[in-house]
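# Analysis of the macromolecular model
Take a look at the letters that make up each chain.
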Amino acid sequence: MYYNIHLYVWLSLTTTFSLSIPTLVAQTDTYIVHMDLSAMPKAFSTQHSWHLATLSSVFSDSKLTTSKLLYTYTHAINGFSARLTPTELDILKASPGYISAFKDVRVEADTTRSTSFLGLNPKSGAWKASNSGEGMIIGVVDTGVWPESESYSDKGMSSIPKRWTGECESGTQFNSSLCNKKLIGARYFNKGVIADNPNVTISMNSPRDTSGHGTHTSSTAAGNFVERASYFGYAMGNARGAAPRSHVAVYKALWDEGGFASDIIAAIDQAIIDEVDVLSISLSVFGVPFYEDPVALATFSAVERNIVVAGSAGNRGPSGLTIRNAAPWIVTVAASTIDRKFNAVMKQGDGVTSTGQGLFPLSFPSRKLPIVFINGACFGIDEFPGFIVVCEETIEVSIESQFLIVESATNVTGCVFITNSTEIDLFFPSKFPAIALDFENGQKLKKYINASTSPKVSIKFKRNSVRNTAAPSVAAYSSRGPSRIIPEVLKPDIMAPGTQILAAWPENSSVEFINGRNIFSNFEIISGTSMACPHIAGVAALLKKAHPDWSPAAIKSAMMTTADTMDRNNEPIKDLGLFNWPANPLDMGSGHINPNKALNPGLIYDLKSSDYVKILCALNYTQSQIQIITKSSSNDCSSPSLDINYPSFIAFFNGEESEANLTTVKEFHRTVTNVGDAISTYTASWTPIKGLNVSVVPNKLEFKAKNQKLTYKLVLQGPKRTEEQEAYGEVRWVDSKLKHIVRSPIVVANYHVDDIG
């Protein structure tokens, strides 16, 4: 079990049937309706008036029109959302300008150390070059904000940018005066929630956050400096976001009462109108094409308007093909660990001491208590009140499963978990004291228990322990690629800290329920790709401030090609979800974000909207489906291609087994832009990939000017079906002065994603 509040958009059937006697009442649902703007008659001055007129032709009672229309979308998409019966939808389909409609989808709920772990320092690197993101506006679509948090203090903040047109909306327990030079905007969107259930009572009808998730993510992205922040003494230090001098605009579209895509699209639409620089979106939809994916739809327009969009990869790892937010215009963010540990020391009655991971956040008196080993699964724990019980991880029962069993017990005094994992990537807030020991220390404890007639142990918890471990590592929960929707684009893109992240939290939202009472804190430690996403959003703001002429694709490229693939021990980054084996690009993308290196990448891979159109054409989307995404009726599909100018490579040698002896060639064409020294020479090198011949043509690029573009191709030659299910490599462009190493990962796979259940 993972203790996070990551937000997901799930496909669900929202249709219910209401049967009255003797008549079957037609069901009304919310639909997202896409319209062709070029078809709007000149008589209408706004899209809103056109949409009202279009709907008025559908309803027999014209007075219903206004109440049926929820939102008009003008930037994220061209269209509107409305409450319709199937019959009314059929009538609407005959309206001039109608393209398509899909049913609204339900939305469900999906730092002190991390910034220094990333090497961010006000005296050098990305923070110095960007003045910590000064003047940038980061928009966060989430559960709202707790404006009283010190993380939203505007001490030291610059003036609100003159281009800002957003608002600070008043509402329940939220006054517009709560905004300032840090929190410059706060809006809320819940028409979709209310339309789905007209009898619902919105408990906090305002931008105020009641779940904590939005406060945590927005302060992770751009929280101001807060001294001596901690979670009950844990993770004590100076808290700050990745871009602490950037402004924050919060768009609340996720509610305790539910959430819908119609509200999310409205929030992103407003963020585009407000001219944010970066969007942080820790929510996602899985398993639908981009023309039905509300996040992909809305963010395409955001990127067109030069807004960098960071999206969480999802928390369904370590299984493959679980990646979310895979649209090529989104920066898809996986989650890593950081080098912070919350240790505990256990002392046995025979004097032997062991150090392990402390799993209990609050105070616990260090006293000797009887201890007993019960079984691997931890069943029967209630039979031992007053004891500290020992549970040993097995292949069948993981430490997370054991924790669930123990947590559900009623008479828990304490627990020791013995695990084979060398790293435990989660901080478990719990109602009982616990420690996780590695296998070696666990065997010492078992030996002591077996040899003693009345074994006892005491456990002392340390509030903070930062040490150089095998961090970063890929978090076990982080979703993995490739994408089922677009396997030809390697996802995730990059990895950032997502585990044990301390950030701001609402004062009235409990962090735990212990001994019959709620526990509250101004800061909380949680884990998930939701926490990784705002780190990337913050770094994107730093880079955009330092390089205002760079496109979102250029900023993404800079982060990807300079990412780290080695941990703090100078060993390959490990995968905690797979026995600590070396991680691969389907786990971590290009690697772990290195903000200071990304500031000066040497070369970048740039992309335009027309490049994304080429790949949409190659996915065999129809013109109307592409128009839903691009809002243009003149999309050029004359040269469709799955090979766009992306900073990474994935190739499928997935022919039939009978074709294993036949040879095929895969070619990838790339164009790099020189953003380093005007006169520079780069030479290519690459890692061998088993069973393939790899070459780069040309293998030397000589630049004569800054911003000059040069092209090369990567050639992979091998059997139509490779022997290995997956193989990995990379291409490196190294300049002659050894100032820049521009890396691009390569994945080779021999399967069809549709064939994998």
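Structural notes, computed from the coordinates. Keep in mind that what you see is a predicted model, and the values were worked out from it rather than measured. Numbers given to residues run from 1 along each chain, matching the order in which its sequence is written. Local features in this predicted model are restricted to residues of pLDDT 70 or higher, and side-chain atom pairs are both shown and tallied only at a pLDDT of 80 or more, whereas totals for entire chains, interfaces and linings draw on every residue. Values reported for side chains reflect all heavy atoms of the structure, with hydrogen atoms and water molecules removed beforehand.

### Structural notes on the side chain of Asp567
Each helix is a run of DSSP H or I of at least 4 residues and each strand a run of E of at least 2, with the numbering of both proceeding from the N terminus. Residue position: Asp567 is located in the loop between α13 (552-561) and β29 (574-575). What qualifies as a polar contact is a pair of N or O atoms within 3.5 Å, subject to a donor-acceptor requirement within protein and to the restriction that residues adjacent in sequence count only when both atoms come from side chains. Within polar-contact distance, the side chain of Asp567 engages the backbone nitrogen of Asn569 at 2.8 Å.

### Observations concerning the sheet that holds strand β4 (residues 79-84)
Being paired, for any two strands, means DSSP has found at least two bridges between them. Spatially, four strands are ordered β3-β4-β2-β5 in an open sheet, and the strand pairing comes out antiparallel. Each edge of the sheet is formed by a strand with only one pairing partner; in this case those strands are β3 (69-73) and β5 (98-103). Each neighbouring strand pair of the sheet contributes to a mean axis angle of 25°, computed without reference to strand direction. Note that strand β2 (residues 29-35) and β5 share five bridges and pair antiparallel. Opposite Ile32, over in β5, you have Phe102 as the bridge partner. Axis definition: a line fit to C-alpha positions, over the contact stretch in the case of helices; interaxial angles, taken between N-to-C directions, run 0 to 180 degrees.

### Thoughts on the pairing of strand β10 (residues 234-239)
Sheet analysis places strand β9 (residues 226-231) next to β10, joined by three bridges and oriented antiparallel. Bridged to Val226 within β10 is Ala239.

### Side note on a nonpolar patch on the surface
Each patch is built from salt-bridge-free residues with over 30% relative accessible area, joining like charges within 9 Å and nonpolar side chains (Val, Leu, Ile, Met, Phe, Trp, Tyr) within 5 Å. For every accessible area listed, the method is Shrake-Rupley and the probe measures 1.4 Å; residues are considered covered only by the protein chains on display. The rule for a salt bridge is simple: a side-chain nitrogen of Lys or Arg has to be within 4 Å of a carboxyl oxygen of Asp or Glu. A contiguous nonpolar surface patch, about 370 Å² in accessible area, is contributed by Leu578, Phe579 and Trp581. Inspection of the secondary structure puts Leu578 in the loop between β29 and β30 (581-582). A simple rule labels every residue: compare its accessible area, found with a 1.4 Å probe on the protein chains alone, to the largest value its type can have, and call it buried under 20%, exposed over 50%, or partly exposed in between. In this structure Leu578 comes out as partly exposed when scored by relative accessible area, which is 37%.

### Side note on helix α10 (residues 399-408)
What sets the pattern is the α-helix's 3.6 residues per turn: residues three or four places apart point alike. Listed in full, the buried residues belonging to α10 are Ile399, Glu400, Gln402, Phe403, Ile405 and Val406. We call two residues in contact when some of their heavy atoms are within 4.5 Å. Residues of α10 that are buried make contact with β19 (388-392), β20 (414-419) and β21 (434-438).

### Notes on the environment of Ser685
One can find Ser685 in strand β34 (residues 680-686). Looking at Ser685, the relative accessible area reads 25%, which means it is partly exposed. Taking C-alpha positions, Ser685 is 58 Å from Thr413, a pair spaced 272 residues apart along the chain. Residues contacting Ser685, with those up to four places away along its chain left out, are Glu730, Val731 and Arg732.

### Topic: the side chain of His213
Within the secondary structure, His213 is located in helix α7 (residues 213-222). Separated by 2.6 Å, the side chains of His213 and Asp142 make a polar contact.

### A look at the sheet that holds β20
What the seven strands build is a closed barrel, ordered β16-β17-β21-β20-β19-β18-β22; its pairing is mixed. The sheet shows a mean angle of 40° between the axes of neighbouring strands, taken without regard to direction. Strand direction decides the pairing type here: β19 and β20, joined by five bridges, are parallel. Pairing of Glu392 across the sheet is with Ile418, part of β20. In the packing of α10 onto the sheet, the strands contacted are β19, β20 and β21, and the crossing angle to β20 comes to about 165°. Each of β16 (343-348), β17 (353-358), β18 (369-373), β19, β20, β21 and β22 (456-461) touches helix α11 (residues 439-451); the most contacted strand, β21, lies at about 110° to it.

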